[in-house]
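Spelled out from the first residue to the last, the chains are:
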Amino acid sequence: MLDGLSFGLAPGQALILRGPNGSGKTTLLRTLAGLQPPLSGEIIAGEDQIAYAAHSDGLKAMLTVAENLTFWADVFGQRDIETAIAAFSLEPLRDRLAGTLSAGQKRRLGLARMLVTGRPIWMLDEPTVSLDVDAVALFAGAIRAHLGAGGAALIATHIDLGLDAEVFDVAPFRAAHDARVGASDEAFL
Amino acid sequence: MKALLRRDLLLAMRAGGGFGLGLAFFLIVTVLVPFGVGPQSELLSRIAPGILWIGALLACLLSLDRLLALDWEDGTLDLLATSPLPLEAALSIKALAHWITTGLPLVLAAPVFGVLLSLPDAGYVWLVISLALGTPALSVIGTFGAALTVGVKRGGLLMSLLVLPLYVPTLIFGAEVARRGAEGMQTTTPLLMLAGITAGVIAIMPFASAAALRVNLR
Amino acid sequence: MSMTDETSIPKRPSGFWSYANPVKFLGFSERVLPALWWLSGICLGVGLIWGFFFTPDDFRQGSTVKIIYLHVPSALMAINAWFMMLVASLIWIVRRHHVSALAAKAAAPVGVVMTLIALFTGAVWGQPMWGTWWAWDPRLTSFLILFLFYLGYMALWAAIDDPDTAADLTSVLCLVGSVFAVLSRYAVNFWNQGLHQGASLSLDKEENVADVFYFPLLVCIAGFVLIFLALVLYRTGTEIRLRRTRALQAREARV
């Protein structure tokens, strides 16, 4: 969907992806996370450095907040979930089943998941959906702390997080042809 | 890997229907058969090994569409695919969890259902052995079917169509062990074949399943 | 950087693989198809008429033996169609040639029909010989299982919208299915020893059918092979045109 774009991300740096709906932000993030192969071009970053957060958080309704986090921490070989719980002020919700949380609370839990992965590069797809003003502030704080610790973040979002981050507009790089239908069918022309 | 197994088992216990549903279905099949073929115990005892195997197979099939579909819907599979855990390992673990929640209860409950179908005395041991050896293969093959159809909306029926033909060799050898055991015959050959199929399937199928799932995650 | 250096021009494959280009493939199939239709028609006509009217009745089986001219070739093609799909799937997985995936897709319905013909003629043959339309004989059972594999394969193609995803998944299914089809064959053999006669054609001359039946049978087999090729080429062409139409519509929608 996108063509001819290139960017780099240094430790401690955040990059905000902008672009109208359907411009390929999600596709770009999924490609970078290694979920789909790029049609062309290369990605210079190990897949094992990237933590990816999509629209859906991969939370289990029948597990508690702490259990959900512990599971993902275990999968990524980490121990500590307390930092994540504190960063998104989830203490009062700790033992609630994730299914009983509100949309905003679930989202906070989904973002807290990024902290337990222990990976340096965060890729966030519309992270602030259904977050209220306070939660957005919490989130921006977590990002700042992550950048401060030498991490990096690539965020597709429309709202201003108050971060000192570069903005990268993907709209100009929209490919001349729509690759979703195109790429494989082009071979037949 | 342990974390994934623990989580799947925990979910199966909490979400309800994980352990019980397959077993209840197995019971219903066992109860319906005498209604269909008549209550004569000679006839029942002759077809009991086959009926019990088919019941176990269908009970296994019933729970397959939950195996990956739930994790697909809430995005867990996306996140697992980007985690350090290889997809092959994750799918093996999920198959193991499926076996523990579906296959193992069937193995343990089968003798009770054998009584309902007046299974000959000699058959109980072999029924349990054949199910214990064969049901892991059913779970692993089923995982492949689930990985193929996870992206298809309401893919349950399609999955049955894909998975059932793949179950043929396991069913033939498994039921043969149980039947020969019940009739007091030699069981060595089909038993070895059944064990061979299970071992081969456990070694190879996770790669096919992971390949199919990667295509679906694209 | 200049855009004219040689590496930027894609190398044109030559020889066999150049037919992986859909346009070249279409041109090729359009050239050979008329000849294939004619040849298969002639072979089938000659073989079937020769077999049905100009061979003696078998001393044991009477005139029912003549169904062999439909039964054996269709059974052969039913298996070979699956084998062709397996090869085409492998080529798609390894070399990503779209034509290969589409050829596999195009061969499946032809294979199904061949399997059905084999099963049906088998039943018609079996009725007077064994006194039953259907028996759970290993060969018959294997063909029934093969039929189920074909159905599953076609259903998977039909269920998935994105053509490349469908091609990938059906290829994996075809590979796995082939292994299980072979396994099932052995399992079924073990399960029931059966009453089907031995192979009609084999290198072991003792088992073969007599020469009078043999030559028209060979002609019939040639006819079935040719008509299978013609049908697969024709259907692959249709699939390619469908994708071309999609590509053109996609291009038009962008402008």
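Quick look at the structure, then. Not measured: the values here are computed from a predicted model.

Points about the environment of B:Ser139
Residues and elements named next belong to chain B.
Okay, step 1: Of note, Ser 139 is situated in helix α7 (residues 123-149).
Okay, step 2: Residue Ser 139 is classed as buried on the basis of its relative accessible area of 0%.
Okay, step 3: Here the alpha-carbon distance between Ser 139 and Leu 21, two residues 118 residues apart in the chain, equals 16 Å.
Okay, step 4: A distance of 2.9 Å separates polar atoms of two side chains, one belonging to Ser 139 and the other to His 98.

Overview of the nonpolar core
One broad rule of soluble globular proteins: the nonpolar side chains tend to lie buried together.
Okay, step 1: Counting 102 residues, the largest nonpolar core has B:Phe144, C:Met85 and C:Tyr153 as the members making the most contacts within it.
Okay, step 2: Setting aside residues up to four positions removed in sequence, C:Met85 forms contacts with C:Ala104, C:Ala107, C:Ala108, C:Tyr150, C:Tyr153 and C:Cys174.
Okay, step 3: Ranked by size, the runner-up nonpolar core spans 66 residues in total, among them A:Ala53, A:Ala66, A:Leu111 and A:Ala156.

Some remarks on the interface of chain B and chain C
By a frequent convention, interface size equals the accessible area lost on bringing the separate parts together.
Okay, step 1: Each partner contributes residues to the interface: chain B has 26 residues there, and chain C has 26 residues.
Okay, step 2: Summed over both sides, the interface of chain B with chain C buries roughly 2,100 Å², with 86% coming from carbon and sulfur.
Okay, step 3: Linking chain B with chain C are one salt bridge.
Okay, step 4: C:Asp168 is paired through a salt bridge with B:Arg218; the nearest N and O atoms lie 2.9 Å apart.
Okay, step 5: Connecting chain B to chain C are one residue pair in polar contact (both at pLDDT 80 or more).

What about the interface of chain B and chain A?
Okay, step 1: Tallying the contact residues gives 23 residues for chain B and 24 residues for chain A.
Okay, step 2: Both sides together, the interface formed by chain B and chain A hides about 2,100 Å², and carbon and sulfur atoms give 64% of it.
Okay, step 3: For the interface between chain B and chain A, the tally reads four salt bridges.
Okay, step 4: Among the salt bridges present, the one from A:Arg30 reaches B:Asp78, with a minimum N-O distance of 3.0 Å.
Okay, step 5: Applying the counting rule to chain B against chain A returns five residue pairs in polar contact (both at pLDDT 80 or more).
Okay, step 6: Elements represented by at least two residues in the side of chain B that touches chain A include exactly α1 (2-14), α4 (65-73) and α5 (76-81) of chain B.

Describing the packing of aromatic side chains
Okay, step 1: Under the defined criterion, the tally for this structure stands at 13 aromatic pairs over all chains.
Okay, step 2: Between B:Phe26 and B:Phe113, the aromatic rings sit 4.8 Å apart at their centres with planes inclined by 80°, giving edge-to-face as the arrangement. Separated by 87 residues along the polypeptide, B:Phe26 in helix α2 (residues 20-37) and B:Phe113 in helix α6 (residues 87-116) bring together distant segments of the chain.
Okay, step 3: Judged by centre distance (5.7 Å) and plane angle (75°), the rings of C:Tyr214 and C:Phe215 are edge-to-face.
Okay, step 4: Here the aromatic residues C:Trp82, C:Phe149, C:Tyr150 and C:Tyr153 are joined through ring pairs into a cluster of three or more.

Topic: the pattern of salt bridges
Okay, step 1: Under the defined criterion, the tally for this structure stands at 18 salt bridges over all chains.
Okay, step 2: B:Arg7 serves as the salt-bridge partner of B:Asp71, at 3.0 Å between the closest nitrogen and oxygen. You can see B:Asp71 sitting in helix α4 and its partner B:Arg7 sitting in helix α1, a full 64 residues away along the chain.
Okay, step 3: The class of B:Asp71 is buried, set by a relative accessible area of 3%.
Okay, step 4: A network of salt bridges, in which partner residues are shared, links A:Lys60, B:Arg7, B:Asp8, B:Asp71, B:Asp74 and B:Lys94.

Calculation criteria
Residues numbered from 1 in each chain as written. Chains lettered and ligands numbered in written order. Predicted model: local features only at pLDDT ≥ 70, side-chain atom pairs only at ≥ 80, totals over all residues. Heavy atoms only, no water. Helix = DSSP H or I, 4+ residues; strand = E, 2+ residues; numbered from the N terminus. Buried < 20%, exposed > 50% of the residue type's maximum accessible area, 1.4 Å probe, protein only. Polar contact = N/O pair within 3.5 Å; in protein donor to acceptor, adjacent residues only side chain to side chain. Core = buried A, V, L, I, M, F, W, Y, C linked by side-chain atoms within 4.5 Å. Contact = heavy atoms within 4.5 Å. Buried area = accessible area lost by both parts, 1.4 Å probe. Salt bridge = Lys/Arg side-chain N within 4 Å of Asp/Glu carboxyl O. Phe/Tyr/Trp six-rings, centres within 6.5 Å; stacked < 30°, edge-to-face > 60°.

The values reported here are purely geometric and, on their own, carry no functional implication.
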